Amino acid sequence: MQTLKRYKWTWLLLLLAVIMAVYLAVQSFDFGGKKLPVIGQVQDFSLENVDGKQVSLADTEGKARLVYFFFTVCPDVCPITTFMLSQTQDLLVKDGSFGKDVEFVSISFDPKNDTREAIKAFADKFHADYNGWYFLRGDQEQVRKLAAESFKVMIYGTSKDDFAHANLIGLVDRNNNLRGLYDAGDTENVTPEFLARTVKKLARE
């Protein structure tokens with residue numbers, strides 16, 4: 001109870017962010033077969049990949065992308081969502097689109113604990129295919145700003161002990177426009193099959 005009181009405003013702000021994210025997510029579903037709307041533009045970034053190289057937004061242009069913010073010692077949603085993305089990866093690998101037409105970008109917001117080695121160990125648990133899946137890290141405030149301004153993903157707290165964040169997967173087109181936001185907790189609608197189908201359709205636009 002004391003913990004709830006201590007972080008009361010954090011949780012209230014997170015709740016408001018989730019409500020807004022759910023609204024945007026509903027708008028992202030392609031119910032009528034029409035093109036998905038442009039929600040916003042993804043700002044430029046330069047972050048460190050698990051191989052030690054810097055990866056910029058320009059390095060991922062020309063392909064449809066799924067983008068997810070995480071931290072490796074997350075006790076609940078991050079590993080579950082990363083597993084779902086790995087299942088999506090497997091579907092895309094089977095039809096040859098992964099790494100060719102579609103890429104994934106997972107971005108850590110916990111640089112203190114998430115070294116390149118820690119992130120790679122995390123990614124390897126989910127048999128990530130690094131030919132089409134970037135696992136990036138960088139300055140915490142830079143990542144927090146990128147998440148909030150480009151993906152409407154609010155991240156609260158400054159350490160693994162008090163992080164709170166919206167569990168959303170962003171859909172980005174080849175021109176760096178945000179075209180969808182999907183609540184990874186909505187497992188009835190947001191499935192590996194749905195994500196694979198949606199990102200492939202966007203890649204064909």
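Heads up: the structure comes first, above all this text.
Report on the accompanying structure. The structure displayed is predicted, hence computed values, not measured ones.

In an α-helix, one turn spans 3.6 residues; hence positions three or four apart end up facing the same way. Along helix α4 (residues 116-125), the residues classified as buried are Ile119, Phe122 and Ala123. One side of α4 carries all its buried residues, which in axial view fall inside an arc of 95°. Every exposed residue of α4 that faces more than 90 degrees away from the buried side is listed here: Glu117 and Lys125. Looking at the packing, one finds that the buried side of α4 touches β4 (64-70), α3 (77-94), β5 (102-108) and β6 (133-137). Of the residues one or two after α4, histidine 127 is the one with positive phi, at around 40°.

Our next topic: the environment of arginine 174. If you trace the backbone, arginine 174 turns up in the loop between β9 (168-172) and β10 (177-183). Take arginine 174: its relative accessible area is 31%, and that puts it in the partly exposed class. A sequence separation of 113 residues divides arginine 174 from glutamate 61, and the C-alpha atoms of the two residues are 5.4 Å apart. For arginine 174, the contacting residues outside a window of four places in its chain are Glu61, Gly62, Lys63, Arg65, Ala203 and Glu205. Here glycine 62 takes part through its backbone oxygen, which lies 2.7 Å from a polar atom of the side chain of arginine 174. Within the local environment of arginine 174, its side chain forms a polar contact with the backbone oxygen of alanine 203, the two atoms lying 2.3 Å apart.

A separate point is the pattern of salt bridges. In total, this model carries nine salt bridges according to the counting rule given. Of the charged contacts in the structure, one is a salt bridge between lysine 120 and aspartate 124, with a shortest N-O distance of 2.9 Å. Separated by four residues within a single helix, lysine 120 and aspartate 124 lie in helix α4, roughly one turn from each other. The class of lysine 120 is partly exposed, set by a relative accessible area of 34%.

The next subject is the packing of α3 against helix α6 (residues 192-203). Relative orientation of the contacting elements α3 and α6 amounts to 55°, with a least axis distance of 8 Å. The pairing of α3 with α6 is recorded here as oblique in orientation. Considering only the axes of α3 and α6, their crossing is right-handed. Where α3 abuts α6, its residues Met84, Leu85, Gln87, Thr88, Leu91 and Leu92 lie against Pro192, Glu193, Leu195, Ala196, Val199 and Lys200. Classifying every residue of the contact of α3 with α6 by side-chain character gives eight nonpolar, two polar and two charged.

Two aromatic rings are characterised by how far apart their centres lie and by the angle between their planes. Summed over all chains, the structure comprises 12 aromatic pairs. When the centroid spacing of 5.2 Å and the interplanar angle of 80° are considered together, the rings of phenylalanine 104 and tryptophan 133 count as edge-to-face. Of the two residues, phenylalanine 104 is situated in strand β5 and tryptophan 133 in strand β6; the sequence distance between them amounts to 29 residues. For the pair phenylalanine 104 and tryptophan 133, a shared accessibility class is recorded, and that class is buried.

Our next topic: the pairing of β5. Of all seven residues making up β5, seven are buried, and the element is well covered by its neighbours. Alternating residues of β5 divide into Val102, Phe104, Ser106 and Ser108 and Glu103, Val105 and Ile107, and every residue in both groups is buried. Two elements, β4 and β5, share seven bridges in a ladder whose sense is parallel. For valine 67, the partnering residue across the bridge sits in β5 and is valine 105. When β5 meets β6, the two strands line up parallel, connected through four bridges. Considered in β6, the bridge of phenylalanine 104 is made with tryptophan 133. Handedness of the crossover is the feature at issue here: the chain leaves β5, passes through α4, returns alongside β6, and the resulting connection is right-handed.

Attention now goes to the environment of leucine 178. Its place among the elements puts leucine 178 in strand β10. Take leucine 178: its relative accessible area is 0%, and that puts it in the buried class. Sequence separation between leucine 178 and glycine 40 is 138 residues, and the spatial gap between their C-alpha atoms is 5.1 Å. With residues near it in sequence (within four places) discarded, leucine 178 still touches Pro37, Val38, Ile39, Gly40, Val42, Ser150, Phe151, Gly170, Leu171 and Val172.

Criteria and thresholds
Residues numbered from 1 in each chain as written. Predicted model: local features only at pLDDT ≥ 70, side-chain atom pairs only at ≥ 80, totals over all residues. Heavy atoms only, no water. Buried < 20%, exposed > 50% of the residue type's maximum accessible area, 1.4 Å probe, protein only. Helix = DSSP H or I, 4+ residues; strand = E, 2+ residues; numbered from the N terminus. Arc of directions from axis to C-beta. Contact = heavy atoms within 4.5 Å. Polar contact = N/O pair within 3.5 Å; in protein donor to acceptor, adjacent residues only side chain to side chain. Salt bridge = Lys/Arg side-chain N within 4 Å of Asp/Glu carboxyl O. Axes fitted to C-alpha atoms, helices over the stretch in contact; angles between N-to-C directions. Parallel < 35°, antiparallel > 145°, perpendicular 65-115°, else oblique. Left-handed = near helix turned anticlockwise from the far one by under 90°. Nonpolar A, V, L, I, M, F, W, Y, C, P; charged D, E, K, R; others polar. Phe/Tyr/Trp six-rings, centres within 6.5 Å; stacked < 30°, edge-to-face > 60°. Pairing = 2+ DSSP bridges. Right-handed = clockwise from strand over helix to strand, strands pointing away.

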